[in-house]
Amino acid sequence: MTTSSTTPVAQDWHDTFGHVMMGSLATPQLMLDHGRGAYVWDVDGNEYLDFLGGIAVNSLGHAHPVLLEAITSQAAKLVHISNYFASRPEVELAQRLLRITGAGESGRVFFGNSGAEANEAAFKLARLNNANGRTRILALKNSFHGRTMGSMALTGKPHMREPFEPMPPGVEHIDSTLEALEAAVDDRVAALFVEPIKGEAGVIDLPAGYLAAAREVTARHGALLIVDEIQTGVGRTGEWFGYQLAGILPDAVTVAKGMAGGVPIGALVTFGAASELFARGQHGSTFGGNPLATAVAGAVLGEIERADLLDNARLRGEQLRGILTGIGSPLVREVRGTGLLIGIGLSEPVADELSAVALRHGLIINAPNDSTIRLAPPLIVGDEEVAEFGRRFRAALAELTAQHATSIPTETQGAVS
């Protein structure tokens, strides 16, 4: 049976979704129709404030004129040409990435289509750092690096790996402590993978000084320090990349999500000697680095720079923390993260319920686990959007607290102050 128009799908889309989409996907709560700035509208015309931003993807929000112009102008020239040919947007984007990452003239760029693909390339890079019997690859417990086989092997969440075992061998997961880091890294380690903030784990900050210590110990033992900036990169933390807050340079960084504002792209950027590890023919991607994706990414990064959205991420992040710490709800236990990547630690395991209630109040947020709400709004948010978030989030908290009146204390003991 075929659908003759889009209207029937919009009317009964819940059933249609369940019939046509793979069972690995839960049926979403909404079918969205269009967006503008930090707001989206569903097919029934209801408006929502989007403070998830496509999970830290929509850096410029929705329907930004810079993104639209880049898409339309490049689509009129070249969309795809394969990696047998080069395009101006591809080379210019690589040059920009080498500048903003700090990799400089000795750096190199590989383009893919997603964060998982960028981490797959980084996994292979780590395997190439195998001189003198380096066979160990380290990653952190409770980390997340993707769902392809290599990136999932790096992911420190056993419940995600177990249905698909055996994983590619050689990966060990260590505690996210300075003591475990020092104890684990030796001359047999090829690479250490680390996220500056564990986004999928609930926006969990690393211990103070961790990245600086990781840089020192990996350099001492000849291991690669590979920083996964899929979620933290492209201005999300108030700097271009999270490792810049620690004042270090890694050997490689993986980038995706916010780089092209919603057009799929990923990249592995190498620094110094790590740039010499890949030889011709050892990795590739049919779609990676195509003219459309790289043109849009170049335009998005250019607009982030032109509009000083790094500073805006710092400013709006502080405003949001002020709202959250002053909200006085017994449900809000702590606030984590940096810039516009914020985790709200809850005192009760009601994150899924709170996310659903917030949606009824016209606010899109996310529950990465049962006791955390994640915020990753577009980098363009201003005073109006921040204030509106505060109004809608307070209303959602009040409703949920009323629903759980017998289990959640009414006093603010334990709330963030």
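Below, the structure is looked at part by part. (Residues numbered from 1 in each chain as written. Predicted model: local features only at pLDDT ≥ 70, side-chain atom pairs only at ≥ 80, totals over all residues. Heavy atoms only, no water.)

Before going further, it helps to spend a moment on the nonpolar core. Of all hydrophobic cores here, the largest spans 85 residues; its most connected members are Ile 304, Phe 389 and Phe 393. In terms of residue count, helix α12 (residues 291–306) provides more of this core than any other element does, eight residues in total. By size, the runner-up hydrophobic cluster in this structure holds 20 residues, among which are Leu 125, Leu 154, Ala 191 and Ile 226. (Core = buried A, V, L, I, M, F, W, Y, C linked by side-chain atoms within 4.5 Å. Buried < 20%, exposed > 50% of the residue type's maximum accessible area, 1.4 Å probe, protein only. Helix = DSSP H or I, 4+ residues; strand = E, 2+ residues; numbered from the N terminus.)

Relative to the assigned elements, Arg 336 resides in strand β13 (residues 332–338). Of note is the side chain of Arg 336, whose polar atom sits 3.1 Å from the backbone oxygen of Val 203. (Polar contact = N/O pair within 3.5 Å; in protein donor to acceptor, adjacent residues only side chain to side chain.)

Moving on to helix α14 (residues 351–360). Helical geometry note: an α-helix holds 3.6 residues per turn, so side chains three or four residues apart project in the same direction. The complete set of buried residues in α14 reads Ala 351, Leu 354, Ser 355, Val 357, Ala 358 and Leu 359. Trailing α14 by a residue or two, Gly 362 shows a phi angle of about 80°, which is positive.

Moving on: the sheet that holds β13. The pairing of strands in a sheet happens through backbone hydrogen bonds and is either parallel or antiparallel. The strand order across the open sheet formed by four strands is β13-β14-β17-β16, and the pairing between neighbours is antiparallel. Edge strands, defined here as strands with exactly one partner in the open sheet, are β13 and β16 (366–369). Taken pair by pair, the neighbouring strands of this sheet meet at an average axis angle of 30°, ignoring direction. Relative to strand β17 (residues 372–375), strand β14 (residues 341–346) runs antiparallel, the two sharing four bridges. What sits directly across from Ile 342, in β17, is Leu 375. Contacts between helix α13 (residues 309–325) and the sheet are confined to β13, β14 and β17, with β13 contributing the most and set at about 170° to the helix. (Pairing = 2+ DSSP bridges. Axes fitted to C-alpha atoms, helices over the stretch in contact; angles between N-to-C directions. Contact = heavy atoms within 4.5 Å.)

Below, the discussion takes up helix α5 (residues 88–101). Between its first and last C-alpha, α5 extends 20 Å over 14 residues, near the 20 Å set by a 1.5 Å rise per residue. Buried within α5 are the following residues: Pro 89, Leu 93, Ala 94, Leu 97, Leu 98, Ile 100 and Thr 101. Looking at the buried residues of α5, the elements they touch are α4 (65–75), β4 (108–112), α11 (242–245), β11 (252–255), β12 (266–270) and α12. Of the residues flanking the end of α5, it is Gly 102, one or two places downstream, whose phi is positive at about 90°. (Expected span 1.5 Å × (residues − 1).)

Note that every value here comes from positions in space, so none of it alone points to a role or purpose.
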